[in-house]
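# Examination of the molecular architecture
Residue strings, one per chain:
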Amino acid sequence: MVELWLKYQDPNGGEQRIAVDKEKFRIGRHSENDLSIADGRLSRDHALIERFGDVFILSDKGSSNGTVVNGQKLTEPIALKDGDVVSFGGLEATIEIPSEDSSSQAPTPDAASTSPAGATPAAAAPAVDTGIPKSFFIIAPIFALIVIGGLGFLLYLSRGSKPTIDTSDPTYSRDLDSKPTPRKGNKDDGDDPGQKNSGDVATTNPTPVISGGSPLPTPTAADPEITKTENNASAFLRKIAQNDPRAFVIGEPAKIVLAKIKTISGSSALAANIGSARRSSNQIKALAASKNLKPDLLAAAAITKLGNSSGDVYQTAQSMAEILDKLSTQLSSELGEECLVLIAVYDQGAAGDFMKTRNMLQDLATKMPDLNREIRTIWWLKKQNKITDSEYEFALRFLAVGTIAQNPKDFGVNAEALTF
């Protein structure tokens, strides 16, 4: 049987070689994949290799950084060949398909023409009469369609007799371009009907879930300060993530962020540093792109590091970019909540330790697979004492700075919005 092997270098520089030994072989950063690589360039569910006989088909699973084969971005499934070079978001792997032993290969179609003299091909097997009339194969499908149609009609009629569902209990969409609005629990929101979103809840005993996986507190929509914080913090979280369009901050986390905003918004240095970032926006954007980071993340990190001192935000961003790049390779910046963890442990990276938190998170994910997303949030890690008070405070200040930067005047800061 034809075999396919992937040869690649792991994030630590070690050469690895693994056999694609399943009909469906999944590749990504998540530990449940057949090939799991803890590299921030890969998405959780990045790519799929499917086997069809002796043919291996590669397809991208909607990854953030894409899949490239021999220098061409993969836009549709492709058959792999020996020697192909595949880049999974920047992580390169070489395809090896060793040749089969020729003795095990089936004869070629024209083998009869090369048979020795006197040899005769085997007689074709006589057709077997199954005893089923040919008309059966015409009538049976028609009959099946009639039965299915009848069942569908009965199902349609039965829907009218269902009890009315009480939709008075609100649930909240994770898509927060504006403040979350109530949504009926039985309404199709356009997602894959075969999947249940972490933001979807039943219409009875609702337990909304935040993007990190923890229960969502009851929103306090009546408070305009909370509303502004929720809207701007959610917008910021989506901007700093590689691929998290439904990230949000509401409820208790929003209250915590607002409290932090009130402690820093009166600083004249904050307004000056937001202005500095605006003036250097093109340079920050180019620097962020070179490190596979979002410019909003890099700018807010630099302003946070400057604290109550005015300074050159771009110069500060330059000093932080390499460390943040290396940390994101180990911890990922795909989701907004992951970016907060990345910022929280910045000092670990500055001290040269890029593996400590990654190893801790992997250990937690192994022990508590049901909390795989929740453990990658600063809120959960702080409650469990998995990050220090200073690490939590740095990440919280970062989130407060990013929230203010969306609309500074909403929070009494004399500066224009920071946009890239």
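Residues numbered from 1 in each chain as written. Predicted model: local features only at pLDDT ≥ 70, side-chain atom pairs only at ≥ 80, totals over all residues. Heavy atoms only, no water.

### Let's talk about the nonpolar core
Counting residues in hydrophobic clusters, the biggest one holds 67 residues, and the most contacted among them are Leu298, Leu324, Ile378 and Phe398. In this structure, Phe398 is in contact with Phe236, Ile240, Leu297, Ala300, Ala301, Thr304, Leu340 and Ile343, ignoring residues within four places of it in sequence. Core analysis: the second largest hydrophobic core is formed by 23 residues, Ile37, Leu42, Leu58 and Phe88 among them. (Core = buried A, V, L, I, M, F, W, Y, C linked by side-chain atoms within 4.5 Å. Buried < 20%, exposed > 50% of the residue type's maximum accessible area, 1.4 Å probe, protein only. Contact = heavy atoms within 4.5 Å.)

### Describing the pairing of strand E1 (residues 5-9)
Look at any regular strand and the pattern is simple: side chains alternate between the two faces of the sheet. Of the two faces of E1, only one is covered, namely that formed by Leu6 and Tyr8; the face formed by Trp5, Lys7 and Gln9 stays uncovered. Where E1 and strand E2 (residues 15-19) come together, five bridges link them in antiparallel fashion. Its bridge partner lying in E2, Leu6 is registered against Ile18. Hairpin connection, E1 to E2: the antiparallel pair is bridged by five residues, and Gly13 has positive phi, about 90°. Where E1 and strand E11 (residues 91-96) come together, four bridges link them in antiparallel fashion. Bridge pairing links Lys7 to Thr94 in E11. (Helix = DSSP H or I, 4+ residues; strand = E, 2+ residues; numbered from the N terminus. Pairing = 2+ DSSP bridges.)

### Quick look at unusual backbone geometry
Phi is positive for Asn70, which is not a glycine, with a value near 50°. Secondary-structure assignment places Asn70 in the loop between strand E7 (67-69) and strand E8 (72-73). Residues other than glycine seldom take positive phi values, yet Ser332 does so here, at roughly 85°. Classification of Ser332 as buried rests on a relative accessible area of 0%.

### Quick look at the packing of helix H2 (residues 224-240) against helix H6 (residues 295-306)
Two elements in contact, H2 and H6, have axes separated by 7 Å at closest approach and are oriented at 115°. Of the possible angle classes, the one that applies to H2 and H6 is roughly perpendicular. Contacts from Phe236, Lys239 and Ile240 of H2 reach H6 at Asp296, Leu297 and Ala300. For the contact of H2 with H6, the per-class residue count stands at four nonpolar, no polar and two charged. (Axes fitted to C-alpha atoms, helices over the stretch in contact; angles between N-to-C directions. Parallel < 35°, antiparallel > 145°, perpendicular 65-115°, else oblique. Nonpolar A, V, L, I, M, F, W, Y, C, P; charged D, E, K, R; others polar.)

### What to know about the confidence of the model for the chain
Across the chain, the average pLDDT comes to 78, with 71% of residues at 70 or higher. This model gives residues 102-131 a pLDDT under 50, and the stretch forms one contact once residues within four places in sequence are excluded. This stretch, residues 160-221, has a pLDDT under 50; its non-local contacts, to residues over four places away or in other chains, come to 86 contacts. (pLDDT = per-residue confidence, 0-100.)

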